[in-house]
Amino acid sequence: MLKADRNRDLFVWSDIRAQAGFSAIPIHEAFGNISDEIKRLEKLCDVVVVDCAGHDSSEFRSALTVADVLLTLVKPSSSLEKNTLTNVTKTVRTAQKQHGNSDLKAHVLMTRIKSHKLQDAVSLENELKSDEIWLQPLKNRISELDIFENAVNAGVGVHEVEKASSLGVAKAQIELIAKEIGLI
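The following paragraphs examine the structure supplied in this document.

Definitions and limits used
Residues numbered from 1 in each chain as written. Predicted model: local features only at pLDDT ≥ 70, side-chain atom pairs only at ≥ 80, totals over all residues. Heavy atoms only, no water. Helix = DSSP H or I, 4+ residues; strand = E, 2+ residues; numbered from the N terminus. Rg over C-alpha atoms; globule rule 2.2 N^0.38 Å. Buried < 20%, exposed > 50% of the residue type's maximum accessible area, 1.4 Å probe, protein only. Contact = heavy atoms within 4.5 Å. Pairing = 2+ DSSP bridges. Salt bridge = Lys/Arg side-chain N within 4 Å of Asp/Glu carboxyl O. Axes fitted to C-alpha atoms, helices over the stretch in contact; angles between N-to-C directions. Patch = residues over 30% accessible without salt bridge, like charges linked within 9 Å, V, L, I, M, F, W, Y side chains within 5 Å. Areas by Shrake-Rupley, 256 points an atom, 1.4 Å probe, with all protein chains shown as cover.

1. Structural notes on the overall build of the protein
No. 1: Helix and strand counts for the protein come out as eight helices and six strands.
No. 2: When the helices and strands of the protein are placed in sequence order, the string is β-α-β-α-β-α-β-α-α-β-α-β-α-α.
No. 3: Computed over C-alpha atoms, the radius of gyration of the protein comes to 17 Å, within 12% of the 16 Å expected from 2.2 N^0.38 for 184 residues, which places it in the range of a compact globule.
No. 4: In terms of overall dimensions, the protein has a C-alpha envelope of 45 × 40 × 30 Å along the principal axes.
No. 5: When burial is assessed residue by residue, the protein has 39% of its 184 residues classed as buried.
No. 6: Here the contacts in the protein between residues at least 6 apart in sequence split such that 69% fall between residues at least 24 apart.

This is the structure:
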């Protein structure tokens with residue numbers, strides 16, 4: 001993982017993971033123009049996950065110039081998160097056109113969807129699909145399931161959890177998204 005966000009969340013998660021006896025996941029850190037660091041890590045790893053801040057930044061813009069896939073996470077019931085899509089879309093389209101990364105596949109991943117607010121996801125999906133200029137939504141989504149938060153709090157991913165009531169659903173959602181973006 002390449003951490004390009006100045007908060008300490010990933011390191012805290014990694015410490016919890018280590019204390020629980022789980023294998024380490026290397027976390028690298030870079031700020032500013034991070035494109036060279038991404039290229040360096042791509043030579044060492046099969047997959048590099050870059051965590052940028054949830055706002056426009058030099059790290060985000062430079063990552064877009066070399067990234068293969070972008071997932072921007074949006075909670076469809078949050079008007080604040082939905083409103084960020086205009087600027088994110090402009091920034092991505094600039095990277096694709098002006099910075100020569102026309103192969104960048106950029107998607108909206110709808111997350112934290114509560115079953116009683118499914119209509120918000122459907123409405124956002126319809127809005128994004130109405131014009132190809134928008135980043136397009138993935139077909140698969142992430143539900144608001146306690147297992148996701150519980151796994152993070154335990155320093156693990158859902159595939160490392162042994163038992164939970166919604167574990168099968170959570171694993172399936174992650175696998176379907178990974179398949180949809182070509183990761184598996």
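2. As for the pairing of strand S5 (residues 105-110)
No. 1: Most of S5 sits out of view: five of its six residues are buried.
No. 2: As paired strands, strand S4 (residues 69-74) and S5 are joined by six bridges and run parallel to one another. Among the inter-strand pairings, Leu-70 is bridged to a residue of S5, identified as Ala-106.
No. 3: Here S5 runs beside strand S6 (residues 136-137); their pairing, made up of two bridges, is parallel. Paired with His-107 across the bridge in S6 is Gln-136.

3. Observations concerning unusual backbone geometry
No. 1: The backbone of Arg-112 shows a phi angle near 55 degrees, a positive value even though the residue is not glycine.
No. 2: Here Arg-112 shows up in the loop between S5 and helix H6 (118-129).
No. 3: Judged by relative accessible area, which is 34%, Arg-112 ranks as partly exposed.

4. Thoughts on the pattern of salt bridges
No. 1: Enumeration over the complete set of coordinates arrives at eight salt bridges.
No. 2: For the salt bridge of Glu-29 with Lys-3, the shortest nitrogen-to-oxygen distance reads 3.4 Å. Taken together, the positions of Glu-29 in strand S2 (residues 28-29) and Lys-3 in strand S1 (residues 2-4) put the pair 26 residues apart, joining distant regions of the chain.
No. 3: Under the relative-accessibility criterion, Glu-29 is labelled partly exposed at 36%.
No. 4: By relative accessible area, Lys-3 is classed as buried at 0%.
No. 5: Between Arg-141 and Glu-125 there is a salt bridge whose closest N-O contact spans 2.3 Å. With Arg-141 in the loop between S6 and helix H7 (146-153) and Glu-125 in helix H6, the pair connects residues that are 16 residues apart, well separated along the chain. With respect to burial, Arg-141 and Glu-125 carry one shared label: buried.
No. 6: The network of salt bridges with common partners includes Lys-3, Arg-8 and Glu-29.

5. A closer look at the sheet that holds S5
No. 1: Read across the open sheet, the three strands follow the order S4-S5-S6; overall the sheet is parallel. Edge positions in the sheet fall to S4 and S6, since each of these pairs with one other strand and no more.
No. 2: Its contacts with the sheet put helix H5 (residues 85-97) on S4 and S5, and the angle it makes with S4 is roughly 175 degrees.

6. Comments concerning a nonpolar patch on the surface
No. 1: Residues Val-47, Val-49, Leu-183 and Ile-184 make up a contiguous nonpolar surface patch of roughly 370 Å² in combined accessible area.
No. 2: Mapped onto the elements of the fold, Val-47 is located in the loop between helix H2 (35-44) and strand S3 (50-52).

7. Describing the sheet that holds S1
No. 1: Across the sheet, which stays open at both edges, the three strands sit in the order S2-S1-S3 with parallel pairing between neighbours. With one partner strand each, in any of the chains shown, S2 and S3 form the two edges of the open sheet.
No. 2: Inspection of the sheet shows S1 paired to S3 by three bridges, in the parallel sense. Paired with Lys-3 across the two strands is Asp-51, which belongs to S3.

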